[in-house]
Amino acid sequence: MAYKDLREFIKDLEKEGELLRVKDKVSPILEITEIADNVMKLPDGGKALLFENVEGHEGIPVLINAFGSEKRMKMALGVDKFEDIGWKLYRILKPEVPNTFLDKLKRIPELKKLNDALPKVVKSGKVKEIIKKGEDINLFEFPVLKCWPKDGGRFITLPQVVSKDPETGLRNIGMYRIQILDKDKVAVHWQIHKGGAKHYWKYKELGQKIPVAIVIGGDPVLTYVASAPLPEDVDEYLFAGIIREKGVELVKCETVDLEVPADAEIVIEGFVDPEEPLVDEGPFGDHTGFYTPVEKYPMMHVTAVTYRKNPVYLTTIVGRPPMEDGWMGKATERIFLPLIKFNLPEVVDYNLPVSGCFHNFCFVSIKKRYPGHAYKVMDALWGMGQMMFTKNIVVFDEWVDVQNIDEVLWIWGNNVDPARDVVIKKGVIDVLDHSTDLVGFGGKMGIDATTKWKEEGYQRQWPDLAVMDESIKEKVKPVVDKVMKQIMKNLIDKEVKKVKKLLK
């Protein structure tokens, strides 16, 4: 189901028992962070929080942790399985030449769905209920959070930052943090490897100002796609339409030549002048759990702000995992598995663990077919879009459950000879990684944890796994079930006693 806007999603969250309304008066300066951080670290991500009494911002509630569980992510994207979205993309991208007239007819439904997914420009939308320009602009009227004590200021953390390629006109929507510098000025964190930075350098070469729009809210799918690692020059709003099976309705901006979602909560319009010097941005408590230092980034001049009456301010915090962004990242991992398999059919599964901040580790299982196959997969993954940021790739045999960290460490520890199975090379690193000597450039490690073959130089007999006979397992299964049932009952009784004690 495609949500019309963020408010429909909030109603659904409440209906499903996934939302808590916080009526206590709290400040957007650090206090919301502390509350949300505690909730995000609960089992299964806690609940979404709607702060209805934000100090200094009466009438503008703050929604946080809306994407902070598997259930809420699936609700946001309207799916029962994340992989279903990936398979939609796979069917669109898979090159198939129709051999018969019947084959052509079978392709029509997919083509129709793609046509239905195209963004549509409409005359007006709810995001135009209030329009402010010039002296009336004041970004501090919105409850933008200061997340961590040493942050350089207040940051918009869940935006859809819209810009267009000056040559092709293709749109890019990215999730780049935005630091409020003044009532009508912000710093845009366009990292050097991302689409927004590409547009910046193109406009700089042309000597032109860059139109920019910062969107907050709308159908939750729109927020998600801004974070998705799509190939360059793929319109994220088209991707949103594919997920929704319905095109995104867009309206023209007031002061810049861009289109934005008609039912967003807030839109901040303006321009970046690439001839102006870059400005200090940061520090910022980032998703690594560490502060990223002050760096130079472009400044955006705000020329208009449009928003709904009593807008809902959608935000998040990042920091030491697990946090809300971890659930968004795991959705991305699952969504893009079919596309990974499209390029690398030997891949069975992969895991970008939340505790590894996604870019630090990739555990991948493969159907090994020839000597050195693991190294081919490493190189291919490092050359695949934003997988280029992955610092450590460990490759396993197909039977290994890479989602099970205990199993990963068991096989990694037993199968790997560091002198033989490790490769170290240099490459692109996430600019938020503080471990490297240079920003965005450093070392990578690949590890072959697969079974070693004689053709790979292994001269001993590789041992068999120690596993029980199936006949014995079947014979004692009733006893095992009985024992496990009793143990589970004892554990439940113990937890009930703990809860009763806490409630006294």
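The structure contained in this document is the topic of the report that follows. What you are looking at is a predicted structure, and each value in this text was computed from that prediction instead of being measured.

Here's the deal with the pairing of strand 2 (residues 48-51)
The side chains of a regular strand alternate between both faces of the sheet. With burial as the criterion, each face of strand 2 is covered, one bearing Ala48 and Leu50 and the other bearing Leu49 and Phe51. A crossover links strand 1 (residues 19-22) with its parallel partner strand 2, the connecting element being helix 2 (residues 31-40), and its sense is right-handed. Here strand 2 runs beside strand 3 (residues 62-64); their pairing, made up of three bridges, is antiparallel. Directly across from Leu50, in strand 3, lies its bridge partner Leu63.

Structural notes on the pattern of salt bridges
Opposite charge on two side chains permits them to pair, given that their charged atoms come into close proximity. Considering all chains together, one arrives at 44 salt bridges under this definition. Measuring nitrogen to oxygen at the nearest pair gives 2.7 Å for the salt bridge that ties Asp286 to Arg177. You can see Asp286 sitting in the loop between strand 16 (284-285) and strand 17 (291-292) and its partner Arg177 sitting in the loop between strand 8 (171-174) and strand 9 (178-182), a full 109 residues away along the chain. The exposure class of Asp286 is buried, given its relative accessible area of 5%. Note that Lys296 and Asp280 form a salt bridge whose closest N and O atoms lie 2.7 Å from each other. Placement of Lys296 in strand 18 (residues 295-297) and of Asp280 in strand 15 (residues 279-281) is noted, with a sequence separation of 16 residues between them. Members of the salt-bridge network, linked through shared partners, are Glu16, Glu18, Lys47, Lys71 and Arg72.

Re empty space enclosed by the protein
It is a probe the size of a water molecule, rolled over the atoms, that shows where empty space is left. Going through the model one piece at a time under the given rule, you end up with three cavities of 30 Å³ or more. Its boundaries defined by the atoms lining it, the second largest cavity holds a volume of some 50 Å³. Tallied by class, the residues present in the lining of the second largest cavity amount to five nonpolar, three polar and one charged.

Overview of the packing of helix 3 (residues 70-77) against helix 9 (residues 324-335)
Across the interface, helix 3 lies against helix 9 with an axial gap of 9 Å and an inter-helix angle of 60 degrees. Judged by the inter-axis angle, helix 3 sits oblique to helix 9. Crossing handedness for the pair helix 3 and helix 9: right-handed. Residues Glu70, Met73 and Leu77 of helix 3 pack against Trp327, Met328, Ala331 and Ile335 of helix 9. Here the residues of the contact of helix 3 with helix 9 sort into six nonpolar, no polar and one charged.

About the criteria used
Residue positions within a chain follow its written sequence, with the count starting from 1. With the structure being a predicted model, the display of local features is reserved for residues of pLDDT at least 70 and the display and counting of side-chain atom pairs for 80 or more, all residues being used for whole-chain, interface and lining totals. Calculation of side-chain values draws on the structure's entire complement of heavy atoms; hydrogens and water are dropped beforehand. For the exposure calls, accessible area comes from a 1.4 Å probe over protein chains only, and a residue counts as buried if that area is under 20% of its type's maximum, exposed if over 50%, partly exposed in between. Per the convention used, a helix needs a DSSP run of H or I reaching at least four residues, while a strand needs a run of E reaching at least two, with both numbered from the N terminus. Crossover handedness is defined by viewing with both strands directed away from the observer: a clockwise path from the first strand over the helix to the second marks the crossover as right-handed. By the convention used here, strands pair only if DSSP detects at least 2 bridges between them. Salt-bridge detection follows one rule: a side-chain nitrogen of Lys or Arg within 4 Å of a carboxyl oxygen of Asp or Glu. Grid points spaced at 1 Å and placed over the protein atoms alone form the basis of the search, with a cavity being a set where a 1.4 Å probe fits but cannot get out and a pocket an open set showing protein on both sides within 12 Å along at least five of seven lines. Lining residues have an atom within 4 Å of a point. Grid points are joined across faces, edges and corners, and a volume is the space filled by probe spheres set on the points. Here the nonpolar group is Ala, Val, Leu, Ile, Met, Phe, Trp, Tyr, Cys and Pro; Asp, Glu, Lys and Arg are the charged ones; every other residue, Gly included, is treated as polar. Every axis corresponds to a line fitted to the C-alpha atoms, with the helix fit spanning only the stretch in contact, and the corresponding angles, defined between N-to-C directions, vary from 0 to 180 degrees. When an angle is under 35 degrees it counts as roughly parallel; over 145 it counts as roughly antiparallel; between 65 and 115 it counts as roughly perpendicular; any other value is oblique. It is the rotation of the near helix from the far one that decides the hand of a crossing: anticlockwise by less than a right angle makes it left-handed, clockwise makes it right-handed. Throughout, a residue-residue contact means that at least one pair of heavy atoms, one from each residue, lies within 4.5 Å.

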